[in-house]
Amino acid sequence: MYGEPQYYRNPPQLIPANHLKFHHPYFTPQEIERLSDKQRGKLSITQEEKARQQACSFIDAVGLGIGFPRKTIATAQNLYHRFYLFFPRKDFGYHDVCLGAMFVSSKMHDTLKKPRDILMVAYAVRFPELAAKARSMGGEIELEPGTVENDRQRLLAVERLMLECICFNFTARLPFPYVIKICRAFGASKKLSKLAYRLAIDSFRTLVNLSYPPHVVALGCLYLAALLQSFERGTSPEREGQHTSHSIAATLSKSGEWEKQFHAHIADIEEIAHAVVDLLVAFSQSQNPAANTSPATPSSPHPHLSRSGHGHGTPAPVYAPYKADQLIRLKIVMRETEHPPRARESVAAEEPGYDTNESPFHGGEKTVRYMFAPADMVDDPS
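Everything in this summary refers to the structure shown in the same document. (Residues numbered from 1 in each chain as written. Predicted model: local features only at pLDDT ≥ 70, side-chain atom pairs only at ≥ 80, totals over all residues. Heavy atoms only, no water.)

By secondary structure assignment, the location of Leu330 is in helix 14 (residues 324-337). Linking Leu330 and His274, residues 56 residues apart in sequence, is a C-alpha distance of 10.0 Å. (Helix = DSSP H or I, 4+ residues; strand = E, 2+ residues; numbered from the N terminus.)

Between helix 10 (residues 214-230) and helix 11 (residues 245-252), whose axes approach to 8 Å, the crossing angle comes to 130°. In terms of axis orientation, helix 10 runs oblique to helix 11. Helix 10 and helix 11 meet at a crossing whose hand is left-handed. Across the interface between the two elements, Leu219, Leu222, Tyr223, Ala226, Leu227, Gln229 and Ser230 of helix 10 pack against Ser245, His246, Ile248, Ala249 and Leu252 of helix 11. The class makeup of the residues in the contact of helix 10 with helix 11 is 8 nonpolar, 4 polar and no charged. (Axes fitted to C-alpha atoms, helices over the stretch in contact; angles between N-to-C directions. Parallel < 35°, antiparallel > 145°, perpendicular 65-115°, else oblique. Left-handed = near helix turned anticlockwise from the far one by under 90°. Contact = heavy atoms within 4.5 Å. Nonpolar A, V, L, I, M, F, W, Y, C, P; charged D, E, K, R; others polar.)

Owing to its 3.6 residues per turn, the α-helix brings residues three or four apart onto one side. End to end, helix 5 (residues 115-126) covers 16 Å across 12 residues, agreeing with the expected 16 Å (1.5 Å per residue, within 8%). Residues of helix 5 that are buried include every one of Pro115, Ile118, Leu119, Met120, Val121, Ala122, Tyr123 and Ala124, and no others. (Expected span 1.5 Å × (residues − 1). Buried < 20%, exposed > 50% of the residue type's maximum accessible area, 1.4 Å probe, protein only.)

Its place among the elements puts Pro214 in helix 10. By relative accessible area, which is 2% here, Pro214 ends up buried. Note: C-alpha distance between Pro214 and Val179 (35 residues apart in sequence) is 9.0 Å. When residues no more than four places from it in sequence are discounted, the contact partners of Pro214 are Tyr26, Arg173, Leu174, Pro175 and Tyr178.

Quick look at the pattern of salt bridges now. Pairing of side chains with opposite charge becomes possible as their charged atoms draw close. The final tally for this structure, using the stated rule, is 17 salt bridges. Salt-bridge contacts for Arg40 lead to Asp37; the nearest nitrogen and oxygen are separated by 2.6 Å. Remark: Asp37 and Arg40 occur in helix 1 (residues 29-40); sequence separation between them is 3 residues, near one turn of the helix. When its relative accessible area of 12% is taken as the criterion, Arg40 is described as buried. Take Asp37: its relative accessible area is 40%, and that puts it in the partly exposed class. Linking Lys107 and Glu159 is a salt bridge whose minimum nitrogen-to-oxygen distance equals 2.4 Å. One end of the pair, Lys107, is in helix 4 (residues 94-108); the other, Glu159, is in helix 7 (residues 145-165), with 52 residues separating them in the sequence. Here Glu159 falls in the buried class, since its relative accessible area comes to 7%. (Salt bridge = Lys/Arg side-chain N within 4 Å of Asp/Glu carboxyl O.)

Moving on, we come to the side chain of Glu270. Within the secondary structure layout, Glu270 lies in helix 13 (residues 266-285). Despite being buried, Glu270 has no salt bridge partner; Arg335 is the closest side chain of opposite charge, sitting 7.4 Å away. When residues no more than four places from it in sequence are discounted, the contact partners of Glu270 are Tyr223, Ser253, Thr337, Glu338 and His339. (Lys, Arg positive; Asp, Glu negative; His and termini not counted.)

With 14 residues, helix 14 extends 20 Å from end C-alpha to end C-alpha; this agrees with the ideal 20 Å at 1.5 Å per step. Every buried residue belonging to helix 14 is among Ala324, Gln326, Leu327, Leu330, Lys331 and Met334, and all of these are buried. For helix 14, the arc enclosing every buried residue in end-on projection is 160°, short of the 170-degree limit, so these residues lie on one face. Structurally, helix 14 contributes buried residues whose contacts are with helix 10 and helix 13. (Arc of directions from axis to C-beta.)

One pass over the structure, following the stated rule, counts 11 aromatic pairs. One Lys or Arg, Arg89, reaches over the ring of Tyr84 and ends 4.3 Å from the middle of that ring. (Phe/Tyr/Trp six-rings, centres within 6.5 Å; stacked < 30°, edge-to-face > 60°. Lys NZ or Arg CZ within 6 Å of the ring centre and 35° of its normal.)

Everything listed is a geometric property; what it means functionally is a separate question.
Structure (structure tokens):
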């Protein structure tokens, strides 16, 4: 109107990019195995799993201490897993990666906290003696200003790399609302729904949320919850409008109309159930209080965070109603009746990877264009 450019009629040309990076929301289990092997270094698989659980417990503790909702904590755990698919474990300390993941997750869910606020709660979790001393004096932990600033700079550096890992795609879909809707669709009892929700929380300590969409993870958690409540137990009468754990487990243990209804495959929910039950077996055999699963079973599908009596968000001891030998027997039965794994084709045009030298934050003159979807789903990336 006043000589201003009409961008909707004559859009500006995109700056030519030296490299295109495509966002991959999910990876096949084979891709995750290859990428993990590449970044594991000299760590054994057992050591890597132990480090993973320590990191998830640390994220849980800091998240509860700062007052983050479960969606922010779960996304941070998932971002942590994704980060170590592309970067060597030996090059980045897990504390820095955990805090960077929490900072990015707080942005994704609009629960933003300043880096210094996250660091202060993290110090309280890492150094409980200093935290107790600070509380007795009515202040916060006192550390050298240079130490806090160095930690803040490392957090911001990890944040930049993590943003590139997700190609600046801030979309986060979680299984929690699907658990509630699917349990309602199957007529699950309130007790079974709570257990499925709890297992969905614990699923973020595994890698299943990097491989499967949230509605499939929700189905896998409901399937495992039904198995846990029905295995080696007698049947109970059905209430009006509800189905028993036995009937739900029987339905999900074989192919049927539910696969078409929920756009899922029976082999996928079995893989998810196996991954989560392996987690339960490992923690039931462990006596390490720092390696607990989710801090508390929520009193409703929307858990309220409570920090009373647990210092600065340290996870509370978990009531474990399932013994290791019972879980192992259940796993054997599951293996005897499992279906063959589903063949999955990767949507990636090439092996997913990352080169730090291609990062615009690396200081080079390369131009990188980040795409919000895999290459096969982009019409014209040029």
